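Structural overview for review
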Amino acid sequence: MTVLVGYATRHGSTRDIAERIAVRLTDQGLPAYAYALDSLRGARGYDAFVLGSAIHDTAWLPEAVAFARRHPSTLTACPVWLFSTGLPMRTVGRWWQTGAREPKEIAEFAMLIHPLEHQLFAGVFQRDHTSLFGHLLFRAAGGEYGDHRDWVQIDGWADRIARRLRAGTPLTR
């Protein structure tokens, strides 16, 4: 079983997560390949998909959205997992509670490609990732710059995917 771990990223955090997931799946006997979604010409040749995108303005990046919309028949014929990378709760305190949401495309994808699961991961957020206005808002909300990825959480999720794929049981949506 071959797995595509496709990603869309602006600053590399989502790419690093995708590569980590691909390595984790491969180490468990499931050949997995991490590719930027905008570099792929098609979706055929894979038996399962893990697709991820950075979240900007509560949305997936355009290249990730375009990939899912271009390949619904291939994606619905295979097990699909989705992940999003955004600001973690601990970086922005109470503001996260009201401002952060599941990316708006996830509801559409639920109907279009029927993913088995969507997982939200914290990413990396540095001062040079935002404008002066964005910086001022972020700091006023109590935000902390840095690498907030939880590799234990990411590894655990990849392990759960591997278990489901290796089990050979029907993957219902």
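To keep things clear, this report deals only with the structure shown in the data block. (Residues numbered from 1 in each chain as written. Predicted model: local features only at pLDDT ≥ 70, side-chain atom pairs only at ≥ 80, totals over all residues. Heavy atoms only, no water.)

1. Quick look at the environment of His 118
- As for its position among the elements, His 118 is in strand 6 (residues 117-122).
- Separated by 16 residues in the primary sequence, His 118 and Glu 102 have C-alpha atoms spaced 9.0 Å apart.
- The residues touching His 118, leaving out its near neighbours within four places in the chain, are Leu 82, Phe 83, Ser 84, Glu 102, Pro 103 and Ile 106.
- A distance of 2.6 Å separates polar atoms of two side chains, one belonging to His 118 and the other to Ser 84. (Helix = DSSP H or I, 4+ residues; strand = E, 2+ residues; numbered from the N terminus. Contact = heavy atoms within 4.5 Å. Polar contact = N/O pair within 3.5 Å; in protein donor to acceptor, adjacent residues only side chain to side chain.)

2. Considering unusual backbone geometry
- Unlike most non-glycine residues, His 114 shows phi in positive territory, near 55°.
- With respect to the secondary-structure elements, His 114 resides in the loop between helix 6 (105-112) and strand 6.

3. A closer look at the nonpolar core
- Core analysis: the largest hydrophobic core is formed by 23 residues, its most contacted members being Val 5, Ile 21, Leu 25 and Val 50.
- When contributions to this core are tallied by element, the ones reaching two or more residues are strand 1 (3-8), helix 1 (13-27), strand 2 (32-36), strand 3 (48-56), strand 5 (80-86) and helix 8 (151-167).
- Looking at this core, the element that brings in the most residues is helix 8, giving 6 residues.
- Setting aside anything within four residues of it in sequence, one finds Val 5 in contact with Ala 18, Ile 21, Ala 22, Leu 25, Ala 32, Tyr 33, Ala 34, Tyr 35 and Val 50.
- Counting 22 residues, the second-largest nonpolar core is a separate cluster that includes Ala 64, Val 65, Ala 68 and Leu 82. (Core = buried A, V, L, I, M, F, W, Y, C linked by side-chain atoms within 4.5 Å. Buried < 20%, exposed > 50% of the residue type's maximum accessible area, 1.4 Å probe, protein only.)

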